[in-house]
Amino acid sequence: NGMLPSPILPRLSAVLWITHPSMNDLVLGIHPASRGFGWILLESPRGPCEGGTMQISKDRNSTALLRINALLNKYQPRFVVLESFEQPASRRRSRTRYLCRSILRTADKQGIAVHCISRDRVKAHLSAITRKDAAVAVADLIEPLKPRLPKPRNIWIGESLNMALFSAAACA
């Protein structure tokens, strides 16, 4: 079902650029991908987290939004963190940009603050050149994520959906 095992995972507090979290603020990192999305829930300053991926094949935006709304309702995070998607350098497709805007609206309606973090800022903070480097850095920080780290791939093979989990964790 794409869920992480339930052991307590350490919090990526060094990667969180929200300057005003208080104790017990839940942060939900979400990273939409072409075939679904990855998500991770973190509790500050160091606490339990959950996460996973959701593969979606039909009605991708509406189904993804329903599942993200269910996550928002279940966990009631204080913050939602996304990778910036509106920048000119963003290579996001229009469908994914539309989904990100819908996530912003949904969170806003529920009174949840949304923060968009640029990929360059994530890479700089993790000292990563590529998304794969960033995923390895995240796996080093959150040990239980290591088994989910995608294996190296050939250029003609599509990206693993698990990369969305690591991208969500890198932003959160």
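Being a predicted model, the structure only gives us computed values, none of them experimental. (Residues numbered from 1 in each chain as written. Predicted model: local features only at pLDDT ≥ 70, side-chain atom pairs only at ≥ 80, totals over all residues. Heavy atoms only, no water.)

## Some details on the pattern of salt bridges
This model, assessed by the stated rule, comprises 2 salt bridges. Among the salt bridges present, the one from Arg119 reaches Glu83, with a minimum N-O distance of 3.2 Å. With Arg119 in helix H3 (residues 119-126) and Glu83 in strand E4 (residues 79-83), this residue pair connects regions lying 36 residues apart in the sequence. The exposure class assigned to Arg119 is partly exposed, which follows from its relative accessible area of 29%. Since its relative accessible area comes to 8%, Glu83 is described here as buried. Measuring nitrogen to oxygen at the nearest pair gives 3.4 Å for the salt bridge that ties Lys146 to Asp140. The partly exposed category is assigned to Lys146, whose relative accessible area is 35%. (Salt bridge = Lys/Arg side-chain N within 4 Å of Asp/Glu carboxyl O. Helix = DSSP H or I, 4+ residues; strand = E, 2+ residues; numbered from the N terminus. Buried < 20%, exposed > 50% of the residue type's maximum accessible area, 1.4 Å probe, protein only.)

## Some thoughts on the layout of surface pockets
Taken as a whole, the largest pocket spans an internal volume of roughly 1000 Å³. Around the largest pocket, the lining comprises 32 residues; the ones closest to its centre are His31, Arg91, Arg119, Arg131 and Glu159. Breaking the lining of the largest pocket down by element, the ones donating at least two residues are strand E1 (26-33), helix H2 (94-109), H3, helix H4 (131-141) and helix H5 (162-171). Residue composition of the lining of the largest pocket, grouped by class: 9 nonpolar, 9 polar and 14 charged. (1 Å grid on protein atoms, 1.4 Å probe; cavity = no way out; pocket = protein on both sides within 12 Å on 5 of 7 lines; lining within 4 Å. Points joined across faces, edges and corners; volume = space filled by probe spheres on them. Nonpolar A, V, L, I, M, F, W, Y, C, P; charged D, E, K, R; others polar.)

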